[in-house]
Structure formats: C-alpha cells, structure tokens
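Inside the fold
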Amino acid sequence: MGNKTRFTFAAFLYGFIGASSVLAFLYYTSVIDWPINYGGKPTNAFPSFIVVTIILTILTVTLASLFTFSARAAIYPGKAYILPDSRSTDDKFVIVFDKSMLKGGAEKLNALLLKKVQLKYMKKSYNLKIKRHMIRKKSITALSIAVGILLLGSSCDRTRNDKGYEYFPDMVHSLTYETYAVNPAMADSHAMRLPAENTISREMIPYAYPATIEGRAQAAAELLNPLEATPDNLARGKEMFTVFCQNCHGESGNGDGYLFTSGRFSIKPASLLSEKMLAAPDGDIFHVITAGFNVMGPHGHMIRPADRWKIAMYVKNELQNKTVK
Ligand code: HEC
C-alpha cells in the first residue's frame, strides 16, 4: 500500500547527504586545499563549520524535497494549469477522489458526503493529461539552466595562485601595500624602502675583507674562530655543510659532489682536503663562504656568521682529520 508517505524518510536522507557533503566540502576547502590562519587562529576551527552546515543542510532538504515533490506530482515550471471542473470558483471548490482508492464504492462515499457536509458526489472522469504548449516559458527555464551550468563550469577555471571568487574574505587581504608592490605615495613608487643612511640591520655585521686573493689572505691571517669545537657545534656544522656545500664539494669534501658528478655543474669544485686546504685556518674557509672564491659564489647572505664558523670547524676537525689519519 502506498498510503503512508515516504517523504519523511526522503527528507531525512537528503538532510544526511546534505550535511555530510557540506562537511566534506568545508573540510576539503578550509583544511586541505586552502587552510587560512590569521595570527595563529585557523579558520578551520570546528565550531565555525556548524552554522554553515546547518544552514546548507536545511537548504538541501528544502530544495531536494521540493524537486522530489515536483517530480512525483509531475509539476514543472511552465506546466499548463488544469482546472478539474470549470464550475469551481473562489468560494466553490472541487475535491477529486482517486477512484481506485474508494473503499466500498462511489455510493458509500456519496452517502457519507451528503450526510456530513451536504456535498454532491458527481461521477465524472477528468483527463488530467499535461498540455504541452507553453514553449516560451519552457525555453526560459532551459535557458536559465544552461546559464547556471555555464556559471558553474566557469567557476572551476582556476590555478593554484588564484583563490577564485571569495565568499566572505573577512580580513584575508591587507589594505596596506605589499612589500614588492608599486606604492604611488612614494616618489620612486617602491613600497619597500631602503634602510636609512649610515645604518645596518641587526645581526648584519659588515664584512671588511674584499673577495680578492689579498682579502682572502688577510682574512685567513686575522680572523679567529670564536667558537669552541663542541659536539653540538660540530653537529650543526655538519648539518649546514650538508645543506650548503655537499652538493658541490661532496660528502667527504674531496670535490665530487652530486652537482659535479651528474654533470649539472661543469667546473670541478676544489677539494677541501688538498695540501693547501689542510694548511688553511678556519678564517680562510670563513672568508670563502662569506665572500666566495673565483667561480664559487658568495654564501654570506644565506648562512649566519656563527653557522659559517661551525662549517669551517666541521671541515677542519672532521673532514680533514679523517684524511690525515
Ligand atoms: C655551486 C657549487 C659550490 C658550492 C655550493 C660550494 N662551493 Fe666551494 N667551491 C666551488 C668551486 C667550483 C670552487 C673552486 C673555485 C675556483 O677555484 O675557481 C670552490 C672553492 C672552495 C674553496 C677554496 C678551495 C681552494 O682550494 O682554494 C673553499 C674553502 C670552499 N669552496 C668551501 C666551500 C664551503 C664551505 C661551501 C659551503 C658553504 C662551499 N664551498 C659551497 C663550488 C662550490
């Protein structure tokens, strides 16, 4: 028997599907794909999902139920209106009964209606078939569906650098000028300013020795490693050597690093285990790292002074010691 409505179950199902897809969507967008964090406060905090999930679940249930009802009842935009009986007016209405559902026959119903509400049962069948003549309204519907699909499709066109259209950007975008942007308020239009004259940044100790043979010799003679060769410092030196030097100079320091052996760097890096380098003090290595040497570029801007000393210490105490033994 199809008397009992299954609509409640359908609505529950829509709600369940709606809630889980909204949650999955929110999780994907704000946790996996584009996590945003304002000053330590991530936007993917759980409570912020709740409101949106509830609202969208209700929307899903409403729309899906509406569509289901329309589909079941064969109602669609532009469908011709059918008046079952032309005598029905604003104050006189017609109730239509499904013949197949009348238990006890038409006579019983008639008697009941007469007795209770003084109505007259008229045996008459209606042709409730749909008239298909409202082409204009239909084409409007089709057009809006097409536009909707187009809009949906166009929203997928994005690269990883483009956030797409934003719903609720809040304070994501700074109103101030970005570091490398053009700033019309400045005479030279640079947003990033040069430091004030005759000043240096913290920790930026100016390096006094030029990148020449003489500069290198002078640095080697004058600069002393201020750090002790403790296990910690040597470990840090090894770490930094692995990051910044090993590619070229090789794990053992003999000059056969991966960049050279793989042919990506065509000039053989000098061996750090040569007679010359065995005799060179820490200051010599510190200078080459800081200012560079011939083909080798300067690394001073990438490695902090203390780490440069630790690398030098590692080369002398570990790499070279292994060769001497
Ligand atoms: C891109 C590859 C490359 C990297 C990275 C590199 N070097 Fe070099 N290094 C060279 C080359 C090539 C030479 C030889 C330069 C020349 O003689 O023209 C050299 C020379 C040197 C010299 C002088 C050797 C001598 O006999 O005079 C020292 C010392 C040195 N490197 C240490 C280091 C340290 C320490 C690091 C890590 C901070 C490092 N290098 C990173 C390629 C590199």
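Per chain, residues are indexed from 1 in the order of the written sequence. Restriction of local features to residues with pLDDT of at least 70 applies here, the model being predicted, together with a cutoff of 80 or more for giving and counting side-chain atom pairs; totals for whole chains, interfaces and linings are based on all residues.

Let's talk about the overall build of the protein chain
- Note on conventions: DSSP H or I runs of at least 4 residues are helices, E runs of at least 2 residues are strands, and numbering of each starts at the N terminus. Each helix and strand in the protein chain was counted, giving 11 helices and two strands.
- Moving toward the C terminus, one meets the helices and strands of the protein chain in the order α-β-β-α-α-α-α-α-α-α-α-α-α.
- Any residue surrounded by 20 or more other C-beta atoms within 10 Å of its C-beta is treated as buried, while 12 or fewer makes it exposed and the intermediate range makes it partly exposed; C-beta atoms here are placed from the backbone. By the burial criterion, 12% of the 325 residues in the protein chain qualify as buried.
- Two residues qualify as being in contact provided that their C-beta atoms, derived from the backbone, are within 7 Å of each other. Taking all contacts inside the protein chain whose residues are at least 6 apart in sequence as the whole, residues at least 24 apart take part in 58%.

Observations regarding the site of the ligand
- Around the ligand, the surrounding shell holds 23 residues, and the nearest of these are Cys245, Cys248, Ala270, Asn294 and Met296.
- Only α7 (246-249), α9 (275-279) and α10 (282-291) provide two or more residues apiece to the shell around the ligand.
- In terms of residue class, the shell around the ligand is made up of 17 nonpolar, five polar and one charged. Only the C-beta atom, placed from the backbone, is used; a residue is near a molecule or strand if that atom lies within 6 Å of it. Three categories are distinguished: nonpolar for Ala, Val, Leu, Ile, Met, Phe, Trp, Tyr, Cys and Pro, charged for Asp, Glu, Lys and Arg, and polar for the others, with Gly belonging to the last.

So, the confidence of the model for the protein chain
- For every residue, the predictor reports its confidence as pLDDT, a number between 0 and 100. Averaged over all residues, the pLDDT of the protein chain equals 83, while 83% of them reach at least 70.
- Of the regions scoring below 50 in pLDDT, residues 128-133 engages in six contacts with residues more than four places distant in sequence or in other chains.

A closer look at α10
- Where burial is concerned, most of α10 is hidden: nine out of the 10 residues are buried.
- Of the residues making up α10, those classed as buried are Asp282, Gly283, Asp284, Ile285, Phe286, His287, Val288, Ile289 and Ala291.
- At the exit of α10 stands glycine 292, carrying a positive phi of roughly 85°.

Concerning the environment of threonine 62
- Mapped onto the elements of the fold, threonine 62 is located in helix α2 (residues 47-72).
- What makes threonine 62 partly exposed here is the crowd of 14 C-beta atoms within 10 Å.
- As a C-alpha pair, threonine 62 and alanine 11 span 51 residues in sequence and 8.2 Å in three-dimensional space.

Considerations on the packing of helix α5 (residues 213-222) against α10
- Only the stretch in contact is used when fitting a helix axis, every axis being a line fitted to C-alpha atoms; angles between N-to-C directions are given from 0 to 180 degrees. Contact geometry for α5 and α10: axes closest at 7 Å, N-to-C directions at 135°. When the axes of α5 and α10 are compared, the pair comes out oblique. By crossing handedness, the relation of α5 to α10 is classed as right-handed. Across the interface between the two elements, Gly215, Arg216, Ala219, Ala220 and Glu222 of α5 pack against Gly283, Asp284, Phe286, His287, Val288 and Ala291 of α10.
- A class-by-class count of the residues in the contact of α5 with α10 yields five nonpolar, three polar and three charged. Reported orientations rely on four angle classes, namely roughly parallel under 35 degrees, roughly antiparallel over 145, roughly perpendicular from 65 to 115, and oblique for the rest. Crossings are assigned a handedness: left-handed for a near helix turned anticlockwise from the far helix by less than a right angle, right-handed for a clockwise turn.

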